[in-house]
Amino acid sequence: YQSLFFLVQTYYAWAHLYAPGEFNRTDYLNQSIEKATEYVWEVGTDSFVAYNIYYYDGLAHLELGKEQDGFDRLDFIVNPETGIANIFKWNEEQGTVMPEFAVREMKSLVEQTYAALGEFYNRQGQYDRTLEFATQLDEFYSTWQKIGVEPGDWGDQFQLELGMARFRTGDGTGKKLL
């Protein structure tokens, strides 16, 4: 099943070899979505690989103008009920410690997801939505504090999107982030 994940990534990457609107770009984005759907049907959604697949699936949907589907996929990753935080809850319940590399990978995926959502809403001029994500990200990280992830410890791409949103809404702190 790992090969399906690589196909999702590969088709998504190949799509970007072509300009927006070109047939091949659209075709590869659709193939990426198709392989993501196949993975979810075959394997399910309760693995770290599935969250990565949902990331690319969400981006492909957004690029094809299927905004609600794209948002739903990205939200699945960070949603407190369905999201990646459940992996931490499960580890806590089992009394196991998550390896540091796994925490880094999950943190990176969460940051990429919020950055993608922030970029999407900034392009739409919905800066308030991006500002909401900063609060959500801090709440998300507050559950991770015991493993060394601090609120406000956002990735560079999300800080850029947050800075843009703050700047566009007249918040003077936006310039510091940019």
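Every value quoted in this text rests on a predicted model; they were computed, and no experiment measured them.

A. Structural detail: the confidence of the model for the protein. Taken residue by residue, the protein gives an average pLDDT of 83. The fraction at 70 or more is 89%. Mean pLDDT per element in the protein: helix 9 (residues 174-177) is the minimum at 66, and helix 2 (residues 23-43) is the maximum at 95.

B. Representation of the nonpolar core within the structure. Counting residues in hydrophobic clusters, the biggest one holds 48 residues, and the most contacted among them are Y55, I77, I84, V110, Y114 and F158. When contributions to this core are tallied by element, the ones reaching two or more residues are helix 1 (2-15), helix 2, helix 3 (48-63), helix 4 (67-78), helix 5 (85-94), helix 6 (100-123), helix 7 (127-142) and helix 8 (156-168). Top element by residues in this core is helix 6. It accounts for 11 residues.

C. Region of the structure containing the side chain of T130. With respect to the helices and strands, the residue T130 is situated in helix 7. Reaching out from T130, the side chain makes a polar contact with the backbone oxygen of G118 at a distance of 3.2 Å.

D. Just the packing of aromatic side chains, in detail. Applying the stated criterion to the full structure yields 13 aromatic pairs. For the ring pair Y11 and Y28, a centre distance of 6.0 Å and an interplane angle of 20 degrees mean the geometry is stacked. Within this pair, whereas Y11 is found in helix 1, its partner Y28 is found in helix 2, the two being separated by 17 residues in sequence. Judged on exposure class, the residue Y11 and its partner Y28 are both buried. Geometrically, the ring pair formed by F120 and Y121 is edge-to-face, given 4.9 Å between the ring centres and 75 degrees between the ring planes. On the accessibility criterion, F120 (6% relative accessible area) is buried. Judged by its relative accessible area of 7%, Y121 is buried. Taken together, the aromatic side chains of F71, Y114, F120, Y121 and F133 make up a single cluster linked through ring pairs. The ring of Y121 carries R129 above its face, with NZ or CZ at 4.5 Å from the centroid.

E. Summary view of the layout of surface pockets. For the second largest pocket, the calculated volume is near 250 Å³. Taken together, 13 residues make up the lining of the second largest pocket; nearest its centre are Y12, L59, E63, E119 and R123. For the lining of the second largest pocket, the secondary structure elements donating two or more residues are helix 3 and helix 6. For the lining of the second largest pocket, the class distribution of residues is 7 nonpolar, 3 polar and 3 charged.

F. Molecular detail of helix 2. Over its 21 residues, helix 2 extends 30 Å from the first C-alpha to the last, a length consistent with the 30 Å expected when each residue adds 1.5 Å. Here helix 2 has its buried residues at R25, Y28, L29, S32, I33, K35, A36 and Y39. Looking down the long axis of helix 2, one finds its buried residues gathered within 160 degrees of arc, a one-sided arrangement. Exposed residues on helix 2 whose side chains face more than 90 degrees from its buried face are F23, E34 and W41. Of the residues one or two after helix 2, G44 is the one with positive phi, at around 105 degrees.

Conventions and cut-offs
Residues numbered from 1 in each chain as written. Predicted model: local features only at pLDDT ≥ 70, side-chain atom pairs only at ≥ 80, totals over all residues. Heavy atoms only, no water. pLDDT = per-residue confidence, 0-100. Helix = DSSP H or I, 4+ residues; strand = E, 2+ residues; numbered from the N terminus. Core = buried A, V, L, I, M, F, W, Y, C linked by side-chain atoms within 4.5 Å. Buried < 20%, exposed > 50% of the residue type's maximum accessible area, 1.4 Å probe, protein only. Polar contact = N/O pair within 3.5 Å; in protein donor to acceptor, adjacent residues only side chain to side chain. Phe/Tyr/Trp six-rings, centres within 6.5 Å; stacked < 30°, edge-to-face > 60°. Lys NZ or Arg CZ within 6 Å of the ring centre and 35° of its normal. 1 Å grid on protein atoms, 1.4 Å probe; cavity = no way out; pocket = protein on both sides within 12 Å on 5 of 7 lines; lining within 4 Å. Points joined across faces, edges and corners; volume = space filled by probe spheres on them. Nonpolar A, V, L, I, M, F, W, Y, C, P; charged D, E, K, R; others polar. Expected span 1.5 Å × (residues − 1). Arc of directions from axis to C-beta.

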